[in-house]
Amino acid sequence: MRRLGMLILVLVVVISLVFVSEVGAWRVFQAFYWDVPSGWYSTVSGKVANLAGAKVEVVYLPPPSKGMSGGYSMGYDPYDYYDLGSYNQKGSIATRFGTQSQLKSLISSIKSYGMKAMADIVLNHRAGGDSQYNPFTGGNTWTDFSKVASGRFKMSYWDFHPNDIHSGDSGVFGGYPDICHDKTYVKTNIIAWLNWLKSSANAGFDFWRLDYTKGFAPWVAAYIYDNTGYPFIVGEYWDGNRNTLAWWVDSANRAGVKTFDFSLLYVLRDMCLGGGYYDMRNLDRAGLVGIRPLKAVTFVANHDTDPITRNKMMAYAYILTAEGDPTVWWKDYYDYGLAREGTARGIKQLLWVHYRLAGGSTTVLYKDNDLYIAQRNGYGSNPGLVIVINDNGNQWKGARVKTKWANTELNVYAWDGVDTSRPNNKWTDGSGYADLWAAPFGYAVYAPRGY
Ligand code: ZN
């Protein structure tokens, strides 16, 4: 009996690991953009219920610490890591986004809906320190962080490049003092700060987005993963070469350490802006997600870059039906009118598609210059789907493809295009074949009726 019990325990562990790795594609929502109005935390608080209703799982918030430019800072110039809007320094108590107590209440609200809060973590550099004589440069540098109001995580020239162990690391940003991650004092204090951020007494964050990971070695991400409770981590390695992105996630080599898929962003940009002349065959296994599906966080715009100025729904249709962890951006959802709540033609419906239909591996069923048709093969209670994307700007396009469903009515759950009329439902034949279509500059998501 003990052996049987052990066997069952092992089976349960193995099954749950498989389940986690397969279904662990988080739906992320980036809840800010560059130069948001001051008091932003209260604006986000007003949308938390709406985001939960849209099946968002992770709310990604801006860097929380007081920056060098105080109440004007977007947080990428961190001065006092422990000042989340509670000390009067750099010209204000609140950060641009609000006070620490407003942040705590926002995160508490996010968690009350079962969602997770992700912090933007800036570790490449630090800003706003006082000038001090630096023996490693022979002159003065802005590396004196001994006067931070929190009194915590003070730093000096020893903790930046160049110092006694390094002249530098892989990248510097904006001329700010470049942190040396090989210093034991720095490593210890970064981990202490992140675990402090996790506590609901201080903030309550669950997950990390690591800013500017070109600026330090991949082991730093692994070290943070191992020492902050194995959270979901997404790095910002801004590079369009998917092999470089694969090198970064492979080097970090941790299940939960992923990276934003800039290589897919540029593929989707070229598709959406191609005027109908993009070769849709390029969508097959495109981007980092095509080669590291469990390590790619897909997106089509963020606070730094928003290159897809036309036909953006085609890009959202791709990432919200594909593998990878899809990220929806605030401006697209709330400001550019692409949520389209109450219709099947917007991001909200595609989030539902990801939640209820998408899952499993991908089989490309058809591709030519104008048309890309792929099937998600299903996983668990999610049946899978077929996505049709057409980049012809004038004509509806379709093809006869072999789906996984025989003698089944395929419902169109989501669609959009220049022509907004609803594509027809289709019955598959006894071998699973059906003729599936999408509108000009459009898409359609098919799956068995009844979900
Ligand atoms: Zn160093």
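The rules we used
- Residues numbered from 1 in each chain as written.
- Predicted model: local features only at pLDDT ≥ 70, side-chain atom pairs only at ≥ 80, totals over all residues.
- Heavy atoms only, no water.
- Axes fitted to C-alpha atoms, helices over the stretch in contact; angles between N-to-C directions.
- Helix = DSSP H or I, 4+ residues; strand = E, 2+ residues; numbered from the N terminus.
- Parallel < 35°, antiparallel > 145°, perpendicular 65-115°, else oblique.
- Left-handed = near helix turned anticlockwise from the far one by under 90°.
- Contact = heavy atoms within 4.5 Å.
- Nonpolar A, V, L, I, M, F, W, Y, C, P; charged D, E, K, R; others polar.
- Pairing = 2+ DSSP bridges.
- Domains from an automatic or database assignment.
- Donors = N, O, S within 2.8 Å, 3.2 Å for Na, K, Ca; no water.
- Buried < 20%, exposed > 50% of the residue type's maximum accessible area, 1.4 Å probe, protein only.
- 1 Å grid on protein atoms, 1.4 Å probe; cavity = no way out; pocket = protein on both sides within 12 Å on 5 of 7 lines; lining within 4 Å.
- Points joined across faces, edges and corners; volume = space filled by probe spheres on them.

**Brief notes about the packing of helix α5 (residues 184–198) against helix α6 (residues 219–227)**
Here is step 1: Direction vectors running N to C along α5 and α6 enclose 50°, while the axes themselves pass 10 Å from each other. The angle between α5 and α6 falls in the class oblique. Read as a crossing pair, α5 and α6 show a hand that is right-handed. Here α5 contributes Lys-187, Ile-190, Ile-191, Leu-194 and Asn-195 to the contact with α6, which in turn contributes Trp-219, Tyr-223, Ile-224 and Asn-227.
Here is step 2: Taken together, the residues of the contact of α5 with α6 sort by class into six nonpolar, two polar and one charged.

**What to know about the sheet that holds strand β13 (residues 362–367)**
Here is step 1: Spatially, six strands are ordered β13-β14-β15-β20-β17-β18 in an open sheet, and the strand pairing comes out antiparallel. With one partner strand each, in any of the chains shown, β13 and β18 (426–427) form the two edges of the open sheet.
Here is step 2: Both strand β17 (residues 409–416) and β18 contribute to a ladder of two bridges, which runs antiparallel. By the bridge assignment, Glu-409 is partnered in β18 with Trp-427.
Here is step 3: Contacts between helix α12 (residues 347–356) and the sheet are confined to β15 (385–390), β17 and β20 (442–448), with β17 contributing the most and set at about 140° to the helix.

**A short note on the domain arrangement of the protein**
Here is step 1: Split by domain assignment, the protein resolves into domain 1 (26–260) and domain 2 (363–448).
Here is step 2: Inter-centroid distance (C-alpha atoms) of domain 1 to domain 2 is 41 Å.

**Things to note about the coordination of the zinc ion**
Here is step 1: Surrounding the zinc ion are the protein donor atoms His-161 (NE2), His-166 (ND1) and Cys-180 (SG), at 2.2 to 2.3 Å.
Here is step 2: Site description for the zinc ion: donor spacing in sequence, H-x4-H-x13-C. Placement of the pair is His-166 in the loop between β7 (139–144) and α5 and Cys-180 in the loop between β7 and α5, with a sequence separation of 14 residues.
Here is step 3: According to the relative accessible area criterion, His-166 is partly exposed, its value standing at 25%.

**Description of the layout of surface pockets**
Here is step 1: Taken as a whole, the second largest pocket holds about 210 Å³ of empty space.
Here is step 2: Its residues assigned to classes, the lining of the second largest pocket comprises seven nonpolar, three polar and six charged.

**What about unusual backbone geometry?**
For residues besides glycine, phi is generally negative; the peptide bonds are generally trans as well.
Here is step 1: Residue Pro-162 is reached from His-161 by a cis peptide bond, and omega for that bond is -5°.
Here is step 2: With respect to the element layout, Pro-162 can be found in the loop between β7 and α5.
Here is step 3: Backbone geometry places Arg-285, a non-glycine residue, at a positive phi of 60°.
Here is step 4: With respect to the secondary-structure elements, Arg-285 resides in the loop between α8 (262–272) and α9 (287–291).
Here is step 5: Under the relative-accessibility criterion, Arg-285 is labelled partly exposed at 40%.
Here is step 6: Positive phi, normally seen in glycine, also occurs at Arg-340, with a value near 50°.
Here is step 7: Take Arg-340: it is sitting in the loop between α11 (330–335) and α12.

**Here's the deal with the packing of α8 against helix α10 (residues 312–319)**
Here is step 1: The geometry of α8 relative to α10 is characterised by a closest axis approach of 9 Å and an angle of 140° between their N-to-C directions. Judged by the angle between their axes, α8 and α10 are oblique. For the element pair α8 and α10, the recorded crossing hand is right-handed. Every residue of α10 that contacts α8 at Leu-264, Leu-268, Met-271 and Cys-272 is listed here: Lys-312, Met-314, Ala-315, Tyr-318 and Ile-319.
Here is step 2: Here the contact of α8 with α10 is built from residues that sort into eight nonpolar, no polar and one charged.

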